[in-house]
Amino acid sequence: MKVFIAGDNYFQPRVIIPKLQEILKDYPFEISFDGIQLPFPVDHIALSDDYVIPSGMAWDQNMDEDYATQGVREYYGRNDTLKGMLTDCDILIIHGAALPASIIDEAKQLKLICCMR
C-alpha cells in the first residue's frame, strides 16, 4: 500500500511520515510513503497591478488555465502540481495542493483521499 502526502509549510510530510510509520509499524502489510511539500504560506504572492481578488482566497481569475472547468477554486498554485505523482498511490493525504478531476482520474489505484483542513 502506498500513501502519498501533499503538504505545505503548515502540514509538512517530513514531520507526518515518521509519525505515521511509527503508528502503523505493526500493521499486517507493507506501507510505503511518499510526499511533496509545497511552498505555502509564502511571504507574498506577486500580482500584477490589474489583478483582482474577488473575495477571500479566490485566486482563480486571470490564470492561464480555465480553473472553473477543472472544478478548482480558491487555490493560488497550478492545477497540475500532482500530475503523475499519484498513479500508484492507494491513499492520498492532502493539504496544500489542487486536486482537479484530471489528477484523480489518473490515480487508478486510489482508494481514499484524506483532506487535512
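Preceding this paragraph is the structure being described.
Because the structure is a prediction, the values reported are computed rather than measured.

(A) A look at the overall build of the chain. Helix and strand content of the chain: three helices and four strands. Relative to its 117 residues, the chain shows a buried fraction of 36%. Relative to all contacts within the chain whose residues are 6 or more apart in sequence, the contacts with residues 24 or more apart total 47%.

(B) Quick peek at the packing of aromatic side chains. In total, this model carries one aromatic pair according to the counting rule given. A centroid spacing of 4.9 Å and a plane angle of 75° characterise the contact between Tyr 27 and Phe 29, whose relative ring orientation is edge-to-face. Under the relative-accessibility criterion, Phe 29 is labelled partly exposed at 39%.

(C) Quick look at the nonpolar core. Formed by 13 residues in total, the largest nonpolar core has its most connected members in Phe 4, Ala 6, Leu 82, Leu 86 and Leu 92. Of all the secondary structure elements, the ones that give two or more residues to this core are strand S1 (2-7) and strand S3 (91-94). The contact partners of Ala 6, leaving out residues within four places of it in the chain, are Ile 36, Leu 82, Leu 92, Ile 93, Ile 94, His 95, Gly 96 and Ala 97. In this structure, Val 3, Ile 5, Phe 33 and Ile 93 belong to the second largest nonpolar core, which totals eight residues.

(D) Quick peek at the environment of Ile 94. For Ile 94, the position within the fold is in strand S3. Along the chain, Ile 94 and Phe 11 lie 83 residues apart, while their C-alpha atoms are 9.0 Å from each other. Residues contacting Ile 94, with those up to four places away along its chain left out, are Ala 6, Leu 82, Leu 99, Ile 113, Cys 114, Cys 115 and Met 116.

Rules used throughout
- Residues numbered from 1 in each chain as written.
- Predicted model: local features only at pLDDT ≥ 70, side-chain atom pairs only at ≥ 80, totals over all residues.
- Heavy atoms only, no water.
- Helix = DSSP H or I, 4+ residues; strand = E, 2+ residues; numbered from the N terminus.
- Buried < 20%, exposed > 50% of the residue type's maximum accessible area, 1.4 Å probe, protein only.
- Contact = heavy atoms within 4.5 Å.
- Phe/Tyr/Trp six-rings, centres within 6.5 Å; stacked < 30°, edge-to-face > 60°.
- Core = buried A, V, L, I, M, F, W, Y, C linked by side-chain atoms within 4.5 Å.

The analysis is restricted to geometry; functional conclusions fall outside its scope.
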